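So the chains spell out like this:
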Amino acid sequence: MERDVIIACDFGSAEEAYKFLDKFENESRKPYLKIGMELYYAAGNEIVKELKRRGHKIFLDLKLHDIPNTVKKAMKVLSALDVDMVNVHASGTKEMMAAGLEGLTRADGSRPLLIAVTQLTSTSQQAMNEQLGISGDINDTIVHYARNAQEAGLDGVVCSPLEAGLVKSACGATFKAITPGIRFADSATDDQVRITTPARAREIGSDYIVVGRPITASQDPVAAWRRCVDEFCG
Ligand code: C5P
């Protein structure tokens, strides 16, 4: 199984991102990076292309959610950027996810991994029931959405590391679990609630862990990244 640590590059400008990444200049293994809405909206396709040119793998975390035709066409544009992973909201329906997959697939059949967000980890059980109008247990919704994503042909889901086991039981070991909410046993939890360590995420079955502040806010980001890789990839 290909396991990796993905650094969440949650920066507000290209300058900040490059300043952070310069610290990794001498690493022979280039870190896998996540570019989310903040950095993408600030720095656009240029930074994606430049980081690919520097040899990084990229998870472009834009969480698409729109009518199927729009998602299909948007995915076609993102596919041309040659990123390694992109995502959609599973709540957009199976039709929307399948359309996204179609748009993402290049003429030669190759494509980035496509994963689905089930329920954001910021959504509580109560908010899902009362505001989103979805009744029942949040874990059942997560598994239901993961099954929909699998039926639409997607490669996996983003979920809390504590939910990765549930997803794997429902969808099988090869269906990927990409998990944020990672903290070292001795570090601050920040605003994350359902968290675990890199080593425990590996035991539960995560394929990729997404780690932001434990690396980006560390005094020594390279050492923190290496520690994550040692604990998670072995
Ligand atoms: O700094 P931290 O390690 O908490 O960063 C986690 C990253 O994963 C952030 O970019 C956050 O937006 C993202 N994420 C998350 N929970 C989700 C989906 C994405 O924390 N359910």
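Below or above, wherever it landed, is the structure these notes cover. (Residues numbered from 1 in each chain as written. Predicted model: local features only at pLDDT ≥ 70, side-chain atom pairs only at ≥ 80, totals over all residues. Heavy atoms only, no water.)

On a plain count of helices and strands, the protein chain comes out with ten helices and eight strands. Taking 2.2 N^0.38 as the reference for a compact globule, 234 residues should give roughly 17 Å; the C-alpha atoms of the protein chain span a radius of gyration of 17 Å, in line with that estimate. For the protein chain, the spread of C-alpha atoms along the principal axes amounts to about 45 × 40 × 35 Å. Long-range contacts, defined as pairs at least 24 residues apart, comprise 68% of the intrachain contacts of the protein chain with a sequence gap of at least 6. Only carbon and sulfur atoms are counted for the fraction: they give 48% of the accessible area of the protein chain, which is about 10900 Å². (Helix = DSSP H or I, 4+ residues; strand = E, 2+ residues; numbered from the N terminus. Rg over C-alpha atoms; globule rule 2.2 N^0.38 Å. Contact = heavy atoms within 4.5 Å. Areas by Shrake-Rupley, 256 points an atom, 1.4 Å probe, with all protein chains shown as cover.)

So, on to helix α3 (residues 68-79). Taking 1.5 Å per residue, twelve residues should reach 16 Å; α3 reaches 16 Å between its end C-alpha atoms and fits that length. Of all the residues in α3, the buried ones are V71, M75, L78 and S79. Projected down its long axis, α3 shows its buried positions confined to an angular sector of 95°, all on one face. Facing away from the buried side of α3 by more than 90 degrees, the exposed set consists of K73, K76 and V77. (Expected span 1.5 Å × (residues − 1). Buried < 20%, exposed > 50% of the residue type's maximum accessible area, 1.4 Å probe, protein only. Arc of directions from axis to C-beta.)

Inspection of the region around the ligand gives A8, D10, K34, T121, P180, R183, Q192, V210, V211, G212, R213 and P214 as its neighbouring residues. Contact distances for the ligand include 2.8 Å between an oxygen atom and a side-chain N or O atom of D10. Between the ligand and the protein, one listed contact pairs an oxygen atom with a backbone N or O atom of R213 at 2.7 Å. Protein chains bury 84% of the 470 Å² of accessible surface belonging to the ligand in isolation. At the level of elements, β8 (208-211) and α9 (213-216) are the ones that each hand at least two residues to the shell around the ligand. Its residues assigned to classes, the shell around the ligand comprises five nonpolar, three polar and four charged. (Near = heavy atom within 4 Å. Polar contact = N/O pair within 3.5 Å; in protein donor to acceptor, adjacent residues only side chain to side chain. Nonpolar A, V, L, I, M, F, W, Y, C, P; charged D, E, K, R; others polar.)

Moving on to helix α2 (residues 37-53). Under the 1.5 Å per step criterion, the end-to-end length of α2 is only 20 Å for 17 residues, more than 12% shorter than the ideal 24 Å. A bend of about 105° at A43 is the largest found in α2. If you check which residues of α2 are buried, you get L39, Y40, A43, G44, I47, V48, E50 and L51. Tucked into the core, α2 has its buried residues touching α1 (14-21), β2 (32-36), β3 (58-64) and α3. G55 occupies a position one or two residues after α2 and carries a positive phi of about 100°. (Bend = angle between axes of the 7 residues up to and from the residue.)

Our next topic: the environment of G12. You can see G12 is positioned in the loop between β1 (4-8) and α1. Between the C-alpha atoms of G12 and G165, which are 153 residues apart in sequence, the distance is 34 Å. With sequence-adjacent residues up to four places away left out, G12 is seen in contact with E38 and A42.

Here we come to a negative patch on the surface. The grouping of D10, E15, E16 and E38 at the surface amounts to a negative patch. Relative to the elements of secondary structure, E15 occurs in helix α1. A relative accessible area of 59% means that E15 is categorised as exposed. (Patch = residues over 30% accessible without salt bridge, like charges linked within 9 Å, V, L, I, M, F, W, Y side chains within 5 Å. Salt bridge = Lys/Arg side-chain N within 4 Å of Asp/Glu carboxyl O. Lys, Arg positive; Asp, Glu negative; His and termini not counted. Charge placed at Lys NZ, Arg CZ, Asp CG, Glu CD.)

This part takes up the pairing of β2. Buried residues dominate β2, accounting for five of its five residues. Note: β1 against β2, three bridges, orientation parallel. Each bridged residue has a counterpart across the sheet, and for I7 the counterpart in β2 is L33. Note on the crossover from β1 through α1 to β2: the handedness is right-handed. Two strands pair when backbone bridges link them, and β2 and β3 are joined in this way by four bridges, in the parallel orientation. For I35, the partnering residue across the bridge sits in β3 and is L60. Note on the crossover from β2 through α2 to β3: the handedness is right-handed. (Pairing = 2+ DSSP bridges. Right-handed = clockwise from strand over helix to strand, strands pointing away.)

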